[in-house]
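The residues making up each chain are set out below.
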Amino acid sequence: MLPHLGAATSALYILWISMAQVAGQDDREKTTALKDLLSRIDLDELMKKDEPPFIFPKTLEEFEYAFNEHGQLRHIKTGEPFVFNAREDLHRWNQKRYEALGEIITEYVYELLEKDCNLTKEMLPVDATEDEPTSFIYLSPDALSNPSKLLVLIQGSGVVRAGQWARRLIINQDLDSGTQIPFIKRAMKEGYGVMVLNPNLNYLEVEKPTKSSPSHSPAEVSDEPAEKRERKEEQEGKKKKEFYEKYRNPQKEAETERIPIRDNGSSEDHVLYVWDYFVSKAAAKNVFIMAHSYGGLSFVELINQRELQVKNKVCAVALTDSSHNIWLQETSKGTQDWMFQYCCNWVSSPEPLDTQLESMLVDCPRVSAGTERHELTSWMSFESIFRFFTEALKAKEEEEAEENAKTVTTRSSSFRNKHQDL
């Protein structure tokens, strides 16, 4: 519109024009209109260009992207990585386009979990009725029946859903670094049952019905005839509409409301629910938990709520850049001691992988994940985590063997003493 002016100058110019036009009205109308105008004006919005409609492709093919043999997202025609700024100076439109792609990625990962990893979907709540919102988790065929080992995967917070660590990594790097699929396949290869949690699917989002014009109360109704009043309101509405159409009005998104999923309305509730209805009932003698970021906080809430159960069933916990806090979450001294023995937190750090790090909070050992990028901590710690689990299981089995040997020795000694007495 004003190519020789900067965006901020253009915005101020538009505001000046608006005020000049308002000045042509009588004082009362001018005051009302100016207040209304100023309440609606957003300089950030004025500095944006007119946006195209928020209508985006529904499939990867329509986006003209596909994952190559290395699990990298590439443009079908150019072979180039995903470009966020598809349209310059349209940040909100670009963000909406990115989010639309993210929803497609979520469905794509679900498909990989089912077809590539042979996992099945289990609906939550377990007794859900037909008309209530539901969530779900994924289970390997032997998740509940494996007598030896079970791996439970808990992601962080945000838009990511079951099977994902970080959407940004899936889109900009590859499937291995951004999804839980390598962990699932490795675990199944090593004889684990697997449960993939879905702690961020907490509600059903539905569009709010369009609000009808409020009816006038008897006190508000004037003495003038209805036809005359309606004609007057119509003219005023038309005048207002024309007045504001002169200024950029960014497209508005539909208003929505969220209907929470019963007993799964937060990450903490979800983890607790899955523990009560699935993990605690699993046949596995040894449960291993891997939790990233906010998932670590949810695990600490779980142990606060089910302390004895967790301590009896869980063999080891691998955290990656966990956001838990033992003081704010008011964990007991016993839980802190248990975490120090059975947990390890791989955190973002410039130090080499597995370097021991100091911590102000003495809760569990902290080691470097070998990266300073929060979202990469899980993938970079991949080998170290499975080694940690193997060593934890070996230590537990050796401890149990020693206890069994002591029990046998004690019984044998007792038997010999009784025989000698006879």
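What you see is a predicted model; the values in this text were computed from it and never measured. Numbering of residues starts from 1 in each chain and follows the order in which that chain's sequence is written. pLDDT decides what is reported in this predicted model: residues at 70 or higher carry local features, side-chain atom pairs at 80 or more are listed and counted, and totals for whole chains, interfaces and linings draw on all residues regardless. Water and hydrogen atoms play no part in the side-chain values, which are based on all heavy atoms of the structure.

A. Region of interest: the overall build of the protein chain. Secondary structure follows DSSP: runs of H or I at least 4 residues long count as helices, runs of E at least 2 residues long count as strands, and numbering of each begins at the N terminus. Counting its regular elements, the protein chain contains 15 helices and 13 strands. Nonlocal contacts in the protein chain, meaning residues at least 24 apart in sequence, comprise 71% of its contacts between residues at least 6 apart. Summing over all exposed atoms, the protein chain offers an accessible surface of approximately 24600 Å²; the carbon and sulfur share of this is 51%. In this description, contact between two residues means that some pair of their heavy atoms is separated by no more than 4.5 Å. Per-residue and other accessible areas follow the Shrake-Rupley method at a 1.4 Å probe size, with only the shown protein chains counted as cover for residues.

B. Up close: the environment of D354. Summarising the element assignment, D354 is placed in the loop between β11 (343–347) and β12 (356–357). The sequence separation of D354 and S368 amounts to 14 residues, and the corresponding C-alpha distance is 5.0 Å. Excluding residues within four positions of it along the chain, D354 makes contact with W346, V367, S368, S384 and R387. As used in this structure description, the phrase polar contact means that two N or O atoms lie within 3.5 Å; if the pair is within protein, one of them must be able to donate a hydrogen and the other to accept it, and residues adjacent in sequence are counted only when both atoms belong to side chains. A polar contact is formed between the side chain of D354 and the side chain of W346, at a distance of 2.9 Å.

C. Inspection of helix α11 (residues 294–305) at higher detail. In this model α11 runs 17 Å from its N-terminal to its C-terminal C-alpha over 12 residues, within 8% of the 16 Å that 1.5 Å per residue would give. Taken residue by residue, α11 has G295, G296, L297, S298, F299, V300, L302 and I303 as its buried positions. Under the convention used throughout, the expected extent of a helix is 1.5 Å for every residue step, that is, one less than its residue count. Burial here depends on accessible area, computed with a 1.4 Å probe over protein chains only, as a share of the maximum for the residue type. Under 20% is buried, over 50% is exposed, and the range in between is partly exposed.

D. Geometry of the pattern of salt bridges. Salt bridge, as used here: a side-chain nitrogen of Lys or Arg that lies within 4 Å of a carboxyl oxygen of Asp or Glu. Tallied over the full model, the rule gives 17 salt bridges. Two residues, E99 and K96, come together in a salt bridge whose shortest N-O distance is 3.8 Å. On the criterion of helical spacing, the pair formed by E99 and K96 is a turn pair, its members being three residues apart in helix α5 (residues 91–115). E99 gets classed as partly exposed once you look at its relative accessible area, which sits at 31%. One network of salt bridges, with partners in common, ties together D127, E132, R262 and D263.

E. Summary view of the layout of surface pockets. Each pocket or cavity is described by its volume, and for the largest pocket that value is around 1200 Å³. What lines the largest pocket is a set of 32 residues, among which E99, A100, E103, R161 and E205 lie closest to the centre. Contributions of two or more residues to the lining of the largest pocket are made by α5, α6 (167–172), β7 (203–207) and β8 (256–260). Sort the elements by how many residues they give to the lining of the largest pocket and α5 lands first, with 10 residues. A domain split of the lining of the largest pocket shows at least three residues from each of domain 1 (47–117) and domain 2 (120–206 + 259–404). Using only the protein atoms, space was sampled on a 1 Å grid; points where a 1.4 Å probe fits but cannot get out form cavities, open sets with protein on both sides within 12 Å along at least five of seven lines form pockets, and lining residues are those with an atom within 4 Å of a point. Grid points are joined across faces, edges and corners, and a volume is the space filled by probe spheres set on the points. In this document the domain limits rely on a domain assignment from an automatic tool or a database.

F. Quick peek at the confidence of the model for the protein chain. Scored from 0 to 100, pLDDT reflects the predictor's confidence in each residue. Scored by pLDDT, the protein chain comes out at a mean of 84, with 74% of its residues at no less than 70. Confidence drops under pLDDT 50 across residues 1–9; counting only partners more than four residues distant or on other chains, this segment forms six contacts. Across residues 215–222, where pLDDT falls below 50, the model places five contacts with residues more than four positions away in sequence or in other chains.

G. How the structure looks around the nonpolar core. The definition of a nonpolar core used throughout is a set of buried Ala, Val, Leu, Ile, Met, Phe, Trp, Tyr and Cys residues joined through side-chain atoms within 4.5 Å. Ranked by internal contacts, the top residues of the largest apolar core, which has 54 residues, are L151, L153 and F389. Ranked by residues supplied to this core, first place goes to α5 with 10 residues. When residues are assigned to domains, this core turns out to be shared by domain 1 (47–117) and domain 2 (120–206 + 259–404), each giving three or more. The residues touching L151, leaving out its near neighbours within four places in the chain, are F183, A187, Y192, G193, V194, M195, F288, M290, F386 and F389.

H. Representation of the sheet that holds β11. As summarised here, the arrangement of the nine strands in space is β3-β4-β6-β5-β9-β10-β11-β13-β12, forming an open sheet in which the pairing is mixed. Either end of the sheet is taken by a strand with one partner, and the two such strands are β3 (120–124) and β12. Note on pairing: DSSP must find at least two bridges between two strands before they are called paired. In the sheet, β12 pairs with strand β13 (residues 366–368) via two bridges, with the strands oriented antiparallel. Across the sheet, residue L357 finds its bridge partner in β13, namely R366. Sitting on the sheet, helix α13 (residues 333–342) touches β10 (314–320) and β11, and the angle it makes with β11 is about 65°. The axes used here are C-alpha line fits, helices contributing only the stretch in contact, and every angle between their N-to-C directions lies in the interval 0 to 180 degrees.

I. Region of the structure containing the packing of helix α10 (residues 267–277) against α11. At their nearest, the axes of α10 and α11 sit 9 Å apart, and the two run at 55° to each other. The angle between α10 and α11 falls in the class oblique. Crossing of α10 against α11: the hand is right-handed. Of the residues in α11, those in contact with S267, E268, V271, L272 and W275 of α10 are Y294, L297, S298, E301, L302 and Q305. Residues are grouped as follows: Ala, Val, Leu, Ile, Met, Phe, Trp, Tyr, Cys and Pro are nonpolar; Asp, Glu, Lys and Arg are charged; all remaining types, including Gly, are polar. Tallied by class, residues from the contact of α10 with α11 come to six nonpolar, three polar and two charged. Here the angle decides the label: under 35 degrees means roughly parallel, over 145 means roughly antiparallel, 65 to 115 means roughly perpendicular, and every other value means oblique. Handedness of a crossing is defined here by the sense of rotation of the near helix relative to the far one, left-handed for an anticlockwise turn of less than a right angle and right-handed for a clockwise turn.

J. Looking closely at the environment of K311. Along the chain, the position of K311 falls in helix α12 (residues 307–313). As a C-alpha pair, K311 and T335 span 24 residues in sequence and 8.6 Å in three-dimensional space. Setting aside anything within four residues of it in sequence, one finds K311 in contact with G334, T335 and W338. Reaching out from K311, the side chain makes a polar contact with the side chain of E307 at a distance of 2.5 Å.

K. Quick peek at empty space enclosed by the protein. Under the counting rule described, the total for this entry stands at one cavity of 30 Å³ or more. Volume-wise, the largest cavity comes out at about 40 Å³. Lining the largest cavity, in full, are V152, L197, V271, V274, W275, V279, I289 and L302. It is α10 that provides the largest number of residues to the lining of the largest cavity, a total of three residues. Here the lining of the largest cavity is composed, by residue class, of eight nonpolar, no polar and no charged.

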